Each structure stands twice: as structure tokens, then as C-alpha cells.
Amino acid sequence: MEALDRVLVRYTWFVALLTLVGVAAVVVQLGAQRAQVGTLPAPEATSAIQRMEVTLREFKFEPARLEVPAGRVVLVVRNEGLIPHDLSIPGLGKKTDYIAPKKEATLELELRPGTYPFECTVSGHKEAGMHGTLVVR
Ligand SMILES: [Cu+2]
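The rules behind each value
- Residues numbered from 1 in each chain as written.
- Predicted model: local features only at pLDDT ≥ 70, side-chain atom pairs only at ≥ 80, totals over all residues.
- Helix = DSSP H or I, 4+ residues; strand = E, 2+ residues; numbered from the N terminus.
- Buried ≥ 20, exposed ≤ 12 C-beta atoms within 10 Å, placed from the backbone.
- Contact = placed C-beta atoms within 7 Å.
- Core = buried A, V, L, I, M, F, W, Y, C linked by C-beta atoms within 7 Å.
- Pairing = 2+ DSSP bridges.
- Axes fitted to C-alpha atoms, helices over the stretch in contact; angles between N-to-C directions.

J.: Is there a simple way to explain the overall build of the chain in this structure?
T.: A tally of helices and strands in the chain yields three helices and nine strands. When the elements of the chain are put in sequence order from the N terminus, they spell out α-α-β-β-β-β-β-β-β-β-α-β. Expressed as a percentage of the 137 residues in the chain, the buried residues total 13%. Sequence separation of 24 or more characterises 54% of the internal contacts of the chain that already satisfy a separation of 6 or more.

J.: Got a minute to help me understand the environment of K102 in this structure?
T.: Looking at where K102 falls in the secondary structure, it is placed in the loop between β6 (94-95) and β7 (104-111). Residues K102 and G81 lie 21 residues apart in sequence; the distance between their C-alpha atoms is 7.3 Å.

J.: Mind showing me how you'd approach the nonpolar core here?
T.: Across soluble globular proteins, you tend to see nonpolar side chains buried next to one another. Formed by L56, F61, L75, V77, L87, L109, L111, F118, C120, M130 and L134, the largest nonpolar core amounts to 11 residues. Breaking this core down by element, the ones donating at least two residues are β4 (71-79) and β7. Apart from the residues within four sequence positions on either side, V77 is in contact with V54, L56, L87, T96, I99, E104, A105 and L107.

J.: How do you make sense of the sheet that holds strand β2 (residues 60-62) when you look at a structure like this?
T.: Where strands meet in a sheet, backbone hydrogen bonds hold them as pairs that are either parallel or antiparallel. The four strands are arranged β2-β1-β4-β7 in an open sheet whose pairing can be described as mixed. Single-partner strands in this sheet number two, and they are β2 and β7. Going across the sheet, the axis of each strand differs from the next one's by a mean of 25°, ignoring polarity. In this sheet, β7 lies alongside β4 in antiparallel orientation, the contact comprising eight bridges.

J.: I keep staring at the environment of Y116 and nothing clicks. Help me out?
T.: Take Y116: it is sitting in strand β8 (residues 114-119). Taking the C-beta count within 10 Å as the criterion, Y116 has 18 such neighbours and is therefore assigned partly exposed. Separated by 27 residues in sequence, Y116 and I89 place their C-alpha atoms 6.8 Å apart. What Y116 contacts, discounting residues up to four positions off in sequence, is I89, G91, L92 and L134.

All quantities given are derived from atomic positions and should not be read as evidence of function.
What follows is the structure, given as C-alpha cells:
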């Protein structure tokens, strides 16, 4: 019987040791998670990217004049017309794909101060009024 007691005591110690190791692992993991949360980018870093919207219709851009400070801009281009259109800014070498009615596209722009004309490249649309000006301050 004495031998069995000794085995039980040893087993109890073993279980206690395993439990301690387990608790220590959880504590280390929680600490690591907190450290990760601490390294998330500050909100100011993302708010520096401007967002601008322009709507396409037959045959105009709304608004036709866009003004924005220099820097990074995401231009959201939404087609509220009845046929496909696009938005091209030749001075920046940027252009959306043709956008189907009720769909939108985005252009990510890195803008320097200046004046950049934009237009729809579908044949005849620019002449019909689909052109505008992007002014970067
Ligand atoms: Cu068009």
C-alpha cells in the first residue's frame, strides 16, 4: 500500500506541475496579444488618406470641378447613368475601367499641386459634356 501512496503523491505533483506550465503559457499568450494591440497604427495615419466621390451621368461629371489638398486620395467614381462610362485623368496617367450603370470604381492617387483635366473616354462623351477639372492645392 505504501508503494501506491508514493505513486499517487508523485502523480499529484506531476499534475500540479502541468497545471502551472499551462497557466504560465496562457499568461505569456495574453501578454503577447496585448503587445500586438499596442502596435496597431495610430488613427491619424489612416485619416491622412482623403476620400472623394464623383458621379457619372449622361453626359456630365458631378461635381465637374474637384478640389483637394495634395497627398493621397482615393477617388470613388460611381456611374448613376444608363450606359457605361469611365473617368480618365491623362495628366496623371490614371483611368478607371468602363463602369457599368449603378456600379463604381476607385482610383488611388498620389497628388501634387496642380490642375488636372479629366474626361470620359467613351467616343463622343467628352464632346457631349463629360469632362471636368481636378484642382490639387
Ligand atoms: Cu461617358
